[in-house]
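For reference, the chains in residue letters:
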Amino acid sequence: MGTLYRHGKMFVLMVLLGLMVSSSAYGAGNFYDTFESTFGGHRVQIFGLGNRDLSLSLDQGSGSGFRSKKEYLFGRIDMQMKLVAGNSAGTVTTLYLSSDQSTGRHDEIDFEFLGNVSGQPYTLHTNVFSQGQGNREQQFHLWFDPTTNFHTYSIVWNPKLIMFLVDETPIRVFRNYENRGIMFFPKNQPQRIYASLWEADDWATQGGLVKTDWSKAPFKAFYRNFNIDTSTNGAWKNHDLDATSRNRLRWVQKNYLIYDYCSDWKRFSQAFPPECKHSKLL
Ligand SMILES: *[C@@H]1O[C@H](CO)[C@@H](O)[C@H](O)[C@H]1NC(C)=O
């Protein structure tokens, strides 16, 4: 009786563990299971083994986009992306998190890739919104050509910080400083994962100086092998900088940062946003 009972308990435990593993692995990487298209109709295409590849396209009729079916409160999102090649001036490719925007007090965490004329670098634009307020931009150049290969872009979001990573290298850390009385951090509203490819030649190209070359349309951006980790025992929960990643972050911030709102004296001549006095601590 005793051993049967113990075996029974062991069996239940193993079934439970199996369920936990398979439910977190289930659908991982399959775009049909996890995402739905938001605009652009046939311009959103899912293909490849296990439906792990997706392409967005942009022509003069429309751009395109998709979003997750579910909302998430904290976690880690990884997405491999290959950006519009050639003359991509005026195109904007995005990967971001956003809560419901109809509230007027939405939260958002952004990666936006601003295209450029052939041979000139993309700008990677990042921003954080809390309760409808943004204005927390940092922009970067990349240390590789993002159009020739897939690279992994990740957002780690936990109650203490938001970390933006490119191929595991942290490029930006945005911390929650509520223990110092600074109330600007998304932490109450669940967010969906969004991605899109659209045209913004007035905003994205040096104030509209360069126009989108529609003779090169349709423009295409590729997404694949995403991973969403919201597991309660996930490493994202306590993810922070260690000595190595802090050095990597400093390397990026020293060599590839091209705009930081906390250094924009003209724009914030009255007062910098309050977190700026801590942001150099990283
Ligand atoms: C395009 O490249 C030029 C020259 O390197 C750079 O000054 C500009 O910021 C780039 N534009 C975008 C949108 O990345």
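Described in the following lines is the structure provided in the data block. (Residues numbered from 1 in each chain as written. Predicted model: local features only at pLDDT ≥ 70, side-chain atom pairs only at ≥ 80, totals over all residues. Heavy atoms only, no water.)

### Comments concerning the packing of aromatic side chains
- Applying the stated rule across the entire model yields 22 aromatic pairs.
- Seen from their ring centres, Tyr261 and Phe268 are 6.5 Å apart, and the 75 degrees between their planes marks the pair as edge-to-face. For the pair formed by Tyr261 and Phe268, the shared burial category is buried.
- An aromatic cluster is built from Phe31, Phe35, Phe66, Tyr223 and Phe226, whose rings are joined through pairwise contacts.
- The ring of Phe184 has Arg136 lying over it, and the distance from NZ or CZ to the ring centre is 3.6 Å.
- Here the guanidinium or amino end of Arg224 rests over the ring plane of Phe150, the centre of that ring lying 3.9 Å away. (Phe/Tyr/Trp six-rings, centres within 6.5 Å; stacked < 30°, edge-to-face > 60°. Buried < 20%, exposed > 50% of the residue type's maximum accessible area, 1.4 Å probe, protein only. Lys NZ or Arg CZ within 6 Å of the ring centre and 35° of its normal.)

### As for unusual backbone geometry
- With omega at 0 degrees, the peptide bond leading from Ala217 into Pro218 counts as cis.
- Located in the positive-phi region is Asn51, a residue other than glycine, with phi close to 55 degrees.
- For Asn51, the location among the structural elements is in the loop between strand 2 (44-47) and strand 3 (53-58).
- Phi at Asn225 is positive, roughly 45 degrees, even though this residue is not glycine.
- Within the secondary structure layout, Asn225 lies in strand 14 (residues 219-229).
- Judged by relative accessible area, which is 33%, Asn225 ranks as partly exposed. (Helix = DSSP H or I, 4+ residues; strand = E, 2+ residues; numbered from the N terminus.)

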